[in-house]
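Listed below, chain by chain, are the residues.
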Amino acid sequence: MLTTKPRGTNDFLADTVRKWQYLEEVIRKVCREYGYGEIRTPIFEHTELFQRGVGDTTDIVEKEMYTFTDRGDRSLTLRPEGTASAVRAFIENKLSTQAQPTKLYYIGPMFRYDRPQAGRYRQFHQFGVEVFGSNDPAVDAEVITMLMDLYGRLGLKDLELHINSVGCPKCREEHRKVLQEFLGDKVSGLCKNCQGRFERNPMRILDCKNEACQGLTKGAPTTGQCLCPECDEHFAKVKDYLDLLGIEYKVNDRLVRGLDYYTNTAFEVMARGIGAQSSIGGGGRYNGLIEQVGGGPVPGIGWAMGLERAILTMEQQGIKFPEEPPFDVFIATIGEEAAGPELVLLTKLRKAGLAAEKDYLGRSLKAQMKYAGKFNAKFTLIMGGDELQRGVVVVRDMAAGTQEEVALDRVVDTLVASFINR
Ligand code: AMP
């Protein structure tokens, strides 16, 4: 136990973290260009926030939350998603008093007691955006465009964007009624989960992956058939805008998504060929959520993408991540007397902005040169008693295979200049 991480969590080592940093760099660039500001909220919140903000009948709240009681007897929960916290922060910090809409993004770990498998973890990371304060279908089109633009910049191919409209509470009530009528005599054939959903949230039966449920819901009334004129128009505009922007999509009238709070536009992006966990991002409009959490009647829309799955998909599609830039300088020494001057030079090089390293295990010169190779440094400096006496160091250009002696007091400037001229 002591040396094993908890199930469903990951250690990301330096090579992998580099990939994450690249992904985050692209993400932050896209956010800047689309006008989103970063928000950082607590990793845990009052449990009630998620019960209200994600929904009591969702898998997340029913089975997947990491909930604990703190020493002050409060029920707290590690955040399973980012939207509820963003909404809470929007209300608590009175962001609605600023010019609207409010456009936020977050990146960070989320926690769900899921069944771990490839692409599904108990601690995973999401990048998500939220727009509060506008019901304009152009915002729906913008957030979808941004998501697809981001995937495009990462080089991802073969993605499928599914969109749907689940309507407003009025449409959903109508849909619930006709759906329950349709499924009324089929309930006993549904899976256990869906039998429970029949009363609580029958719409979710439509996207159940169970074969029996899929068979029994064939021909069931769709959300699209129950849209009121306003919701119908909203959805038509979203599709028009996406057409104008050249974004390809499939209308999937079974897409209802797991969370209770969605209204109108719902969407999900699937990557082909990454196995069962093919959803790499998704979101939707949630016009009732802010009120439900205790704020005003402010519309909202957002999405989240899974970072592990994005990286997994990039790896599976053979996308190259940028290489780590080569290291600048390695210093090798001969003899005890070089130890002090070496440390001083090393620190000067680092302060001058160069990546510099030395040996700390008392290796022989040969072993130091071998160790230097691991760093793939552009220059190796060699300092020995003889050179020190003459006030010089040997500078070896590793790629060119040439070397020269440089005065010790000029070596930092010389190296810095050679990097500037590169
Ligand atoms: P959701 O918040 O459920 O809509 O999920 C949004 C995205 O987060 C999904 O498309 C996945 O890419 C990712 N995701 C959700 N749950 C997990 C998980 N347990 N492990 C890894 N990624 C996940």
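Residues numbered from 1 in each chain as written. Predicted model: local features only at pLDDT ≥ 70, side-chain atom pairs only at ≥ 80, totals over all residues. Heavy atoms only, no water.

**Student:** Can you help me understand the sheet that holds strand 6 (residues 123-132) in this one?
**Tutor:** Either a parallel or an antiparallel arrangement is found when strands of a sheet pair, and the pairing is made through backbone hydrogen bonds. Ordered by their spatial adjacency, eight strands build an open sheet running 1-5-6-11-10-9-7-8, and the pairing between neighbours is mixed. Strands with a single pairing partner mark the edges of an open sheet, and in this sheet they are strand 1 (37-38) and strand 8 (250-251). Relative to strand 6, strand 5 (residues 102-111) runs antiparallel, the two being bridged by 10 bridges. Residue pairing across strands places Gly 108 opposite Gln 126, the latter belonging to strand 6. (Pairing = 2+ DSSP bridges. Helix = DSSP H or I, 4+ residues; strand = E, 2+ residues; numbered from the N terminus.)

**Student:** Just checking my understanding: could you explain the packing of helix 1 (residues 14-34) against helix 11 (residues 307-316) for this structure?
**Tutor:** Working note: a packed helix pair is described by the angle between its axes plus the distance between those axes. It is at 11 Å that the axes of helix 1 and helix 11 come closest, and there the two elements cross at 105°. Considering their axes alone, helix 1 and helix 11 lie roughly perpendicular with respect to each other. From helix 1, Lys 19, Trp 20, Tyr 22, Leu 23 and Ile 27 reach across to helix 11, where they touch Leu 307, Glu 308, Ala 310, Ile 311, Met 314 and Glu 315. Of the residues belonging to the contact of helix 1 with helix 11, the class tally is eight nonpolar, no polar and three charged. (Axes fitted to C-alpha atoms, helices over the stretch in contact; angles between N-to-C directions. Parallel < 35°, antiparallel > 145°, perpendicular 65-115°, else oblique. Contact = heavy atoms within 4.5 Å. Nonpolar A, V, L, I, M, F, W, Y, C, P; charged D, E, K, R; others polar.)

**Student:** Is there a simple way to think about empty space enclosed by the protein in this case?
**Tutor:** Any empty space left between the atoms is revealed when a probe the size of a water molecule rolls over them. Under the defined criterion, the tally for this structure stands at one cavity of 30 Å³ or more. Here the largest cavity is characterised by a volume of approximately 40 Å³. Along the walls of the largest cavity sit Ile 39, Thr 41, Arg 79, Gly 82, Ser 85, Ala 86, Tyr 106 and Met 110, which together make up its complete lining. Here the residues of the lining of the largest cavity are counted per class, giving four nonpolar, three polar and one charged. (1 Å grid on protein atoms, 1.4 Å probe; cavity = no way out; pocket = protein on both sides within 12 Å on 5 of 7 lines; lining within 4 Å. Points joined across faces, edges and corners; volume = space filled by probe spheres on them.)

**Student:** Would you mind showing me how to read the packing of helix 5 (residues 137-153) against helix 9 (residues 229-244) here?
**Tutor:** Relative to each other, helix 5 and helix 9 sit at 45°, their axes nearing to 8 Å. Taken together, the axis directions place helix 5 and helix 9 in an arrangement best described as oblique. Helix-helix and strand crossings are classified by hand; for helix 5 and helix 9 the assignment is right-handed. Contacts between helix 5 and helix 9 involve Pro 137, Ala 138, Asp 140, Ala 141, Ile 144 and Thr 145 from the first element and His 234, Lys 237, Val 238, Tyr 241 and Leu 242 from the second. (Left-handed = near helix turned anticlockwise from the far one by under 90°.)

**Student:** I keep staring at the sheet that holds strand 4 (residues 75-78) and nothing clicks. Help me out?
**Tutor:** Reading across from one edge, 2-4-3 is the order of the three strands in this open sheet, with antiparallel pairing throughout. Each of the sheet's edge strands pairs with one partner strand only, and the pair in question is strand 2 (44-46) and strand 3 (67-69). Sheet twist, expressed as the average angle between the axes of neighbouring strands with direction ignored, equals 35°. Relative to strand 4, strand 3 runs antiparallel, the two sharing three bridges. Opposite Thr 69, over in strand 4, you have Ser 75 as the bridge partner.

**Student:** I'm lost on the site of the ligand in this one. Help?
**Tutor:** Near the ligand lie 14 residues; those nearest to it are Arg 112, Asp 114, Tyr 121, Arg 257 and Ser 279. Here Arg 112 contributes a side-chain N or O atom positioned 2.8 Å from an oxygen atom of the ligand. Within the side chain of Ser 279, one N or O atom sits 2.8 Å away from an oxygen atom of the ligand. Considering the ligand on its own, with 480 Å² of exposed area, one finds that the protein chains cover 91% of that surface. Of all the elements in the fold, those that place two or more residues in the shell around the ligand are strand 6, strand 10 (279-285) and strand 11 (300-306). When residues of the shell around the ligand are assigned to their parent elements, the largest contribution, three residues, is made by strand 10. Class assignment for the residues of the shell around the ligand results in four nonpolar, five polar and five charged. (Near = heavy atom within 4 Å. Polar contact = N/O pair within 3.5 Å; in protein donor to acceptor, adjacent residues only side chain to side chain. Areas by Shrake-Rupley, 256 points an atom, 1.4 Å probe, with all protein chains shown as cover.)

**Student:** Whenever I open this one, unusual backbone geometry confuses me. Can you help?
**Tutor:** A negative phi angle is the norm for most residues apart from glycine, just as the trans form is the norm for most peptide bonds. A cis amide bond links Gln 100 to the next residue, Pro 101, at an omega of 5°. Within the secondary structure, Pro 101 sits in the loop between helix 4 (83-92) and strand 5. One non-glycine residue, Asp 73, lies in positive phi territory at about 70°. Relative to the elements of secondary structure, Asp 73 occurs in the loop between strand 3 and strand 4. Here Asp 73 falls in the exposed class, since its relative accessible area comes to 65%. Its identity is not glycine, yet Lys 94 carries a phi of approximately 50°, on the positive side. By the element assignment, Lys 94 lies in the loop between helix 4 and strand 5. (Buried < 20%, exposed > 50% of the residue type's maximum accessible area, 1.4 Å probe, protein only.)

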